[in-house]
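Okay, here's what each chain looks like letter by letter:
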Amino acid sequence: MINDTYYLNNSYPMPKVGLGVYKISEEEMDIAVETALEAGYRAFDTAYFYKNEIALGNALKKSDIEREDLFITSKLWNDYQGYDQTIEFFTKSLENLGTDYLDLFLIHWPCEADGLFIESYKAMEKLYEEGKIRAIGVCNFNKHHLEKLMEETDVVPAVNQIEVHPYFNQQELQDFCDKHDIAVTAWMPLMRNKGLLEHKLITDMASRYDKTPAQIVLRWHLAHNSLIIPKSKTPERIRENYDIFDFNLELTDIAEIDSLDRGDRQGNDPENVRIGTLK
Ligand SMILES: NC(=O)c1ccc[n+]([C@@H]2O[C@H](COP(=O)([O-])OP(=O)(O)OC[C@H]3O[C@@H](n4cnc5c(N)ncnc54)[C@H](OP(=O)(O)O)[C@@H]3O)[C@@H](O)[C@H]2O)c1
């Protein structure tokens, strides 16, 4: 069994595999969460923006897993950056989720041109010091955003959650994060099942390891020291995506998957996202 826990830079344990719940609707949430918990997941990644914090909180309450055995991540939405709004909307996320602390709270996008991420992060530092959040971090921060943040604030972010998949492996940013002990969480780890899982190199490897293409790709992420939050509303896939701790990829196979990189960003470019541009 390969270790399924990552220790963040403040020693707080975070499961390496969590369930991403973006686009999981209220109707789909109960079965997704129940299946995930049965399969062994303890981490769940939501955001105020996903409008499903209440559904996630309710679904988690239906299980008999203790709160301290869960790892809940949420995110500060762009429109609510700024010191006071960060505190206000963190509190709303807590209320939505029906909990009195978050394991991880992240700035969703830097929105650098709007100039509010430093003061938003300072509000998060206060909430962290008060014990209302176990670890704080960011999403979609490039190297220069992280440098500015580390220069102007006290707590080195525990996590940078960024788009990573074999077509866009962000190795340089991963190296920078590794150097500063910032854990990378890969969002869109399966490239939303848009072509990657049918690539011959991946399907051939899947046959060779007797695994599925998704399991090969997820294992590749773990080999690069990334945490992963694959999303699925489909019970079979939810189980499949967690069942990756009983094998390792050979170094040559990791290198082959590395070679698929083509700088092919699928999601928004953090340099272009401003407050109000994403709805
Ligand atoms: N911080 C950010 O800015 C940001 C941005 C985007 C996403 N995220 C987070 O990252 C999570 C994951 O990213 P994502 O949802 O964009 O993409 P993803 O996890 O790469 O892909 C999800 C898609 O892949 C399908 N899928 C899941 N498992 C599969 C499998 N084993 N085989 C084949 N297809 C499979 C799902 O279908 P079904 O659901 O139909 O099974 C869904 O359509 C999100 O849920 C969210 O929590 C964060």
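The residue count restarts for each chain, going from 1 along the sequence in the order it is written. A pLDDT threshold of at least 70 governs which residues receive local features in this predicted model, and a stricter bar of 80 or more applies before side-chain atom pairs are shown or counted, although totals over entire chains, interfaces and linings include all residues. Remark: hydrogens and water are excluded; side-chain values derive from all non-hydrogen atoms of the structure.

Taking an unreviewed UniProt entry as the reference, the protein is identified by name as Aldo/keto reductase belonging to Staphylococcus succinus. UniProt positions are given in the numbering used here, feature names are shortened, and annotations may be inferred rather than shown by experiment. Its UniProt record, at the heading Sequence similarities (unreviewed entry), says of the protein: "Belongs to the aldo/keto reductase family."

A. Main features of the overall build of the protein. Numbered from the N terminus, helices here are DSSP runs of H or I no shorter than four residues, and strands are runs of E no shorter than two. Within the protein, the secondary structure is distributed over ten helices and ten strands. Note on method: radius of gyration uses C-alpha positions; expected globular size equals 2.2 Å times residues raised to 0.38. In summary, the protein has a C-alpha radius of gyration of 18 Å against a globular reference of 19 Å for 279 residues, a match within 12%. Overall, the C-alpha framework of the protein stretches about 55 × 40 × 35 Å when taken along its three principal axes. A total of 279 residues make up the protein; the buried ones form 53% of that total. Put simply, of all contacts in the protein between residues at least 6 apart along the chain, 75% involve residues at least 24 apart. The accessible surface values rely on the Shrake-Rupley method and a 1.4 Å probe; as for residues, cover is taken only from the protein chains in view. Summed over all atoms, the accessible surface of the protein reaches about 12,300 Å², with 46% contributed by carbon and sulfur. Charged side chains of the protein number 30 positive and 49 negative; the gap between the two group centres comes to 3 Å. The classification of residues rests on relative accessible area computed with a 1.4 Å probe and restricted to protein chains. Under 20% of the type maximum is buried, over 50% is exposed, and intermediate values are partly exposed. Contacts between residues were defined by any pair of non-hydrogen atoms, one from each residue, lying within 4.5 Å. Note on charges: Lys and Arg go in the positive column, Asp and Glu in the negative column, and His and the chain ends are not counted at all. Where a charge lies is defined by one atom per residue type, namely NZ (Lys), CZ (Arg), CG (Asp) and CD (Glu).

B. Examining empty space enclosed by the protein more closely. With a 1 Å grid laid over protein atoms only, a set of points is called a cavity when a 1.4 Å probe fits there but cannot get out and a pocket when it is open yet has protein on both sides within 12 Å along at least five of seven lines; lining residues have an atom within 4 Å of a point. Grid points are joined across faces, edges and corners, and a volume is the space filled by probe spheres set on the points. Using the criterion set out here, one finds three cavities of 30 Å³ or more in the structure. The calculated volume of the largest cavity comes to roughly 70 Å³. What lines the largest cavity is a set of 16 residues, and nearest its centre among them are Met-14, Ala-43, Asp-45, Thr-73 and Ile-229. Contributing elements (two or more residues each) for the lining of the largest cavity: strand S2 (13–15), strand S4 (43–45), strand S5 (71–76) and strand S10 (227–228). For the lining of the largest cavity, the leading source of residues is S4, giving three residues. Charged means Asp, Glu, Lys or Arg here, nonpolar means Ala, Val, Leu, Ile, Met, Phe, Trp, Tyr, Cys or Pro, and polar covers whatever is left, Gly included. Split into classes, the residues belonging to the lining of the largest cavity amount to ten nonpolar, four polar and two charged. Considering only enclosed or pocket space, the second largest cavity measures out at about 40 Å³ in volume.

C. Structural detail: the layout of surface pockets. Approximately 890 Å³ is the volume found for the largest pocket. As for the largest pocket, its lining consists of 38 residues, and the residues nearest its centre are Tyr-22, Met-188, Pro-189, Arg-192 and Lys-231. Of all the elements in the fold, those that place two or more residues in the lining of the largest pocket are helix H8 (213–223) and helix H9 (235–242). The dominant element in the lining of the largest pocket, judged by the number of residues it contributes, is H9, at three residues.

D. Summary view of the UniProt feature "domain: NADP-dependent oxidoreductase" (unreviewed entry) in the protein. Annotation from UniProt places "domain: NADP-dependent oxidoreductase" (unreviewed entry) at residues 23–261. Overall, residues 23–261 shows 45% helix and 14% strand. The separation of its end C-alpha atoms is 26 Å.

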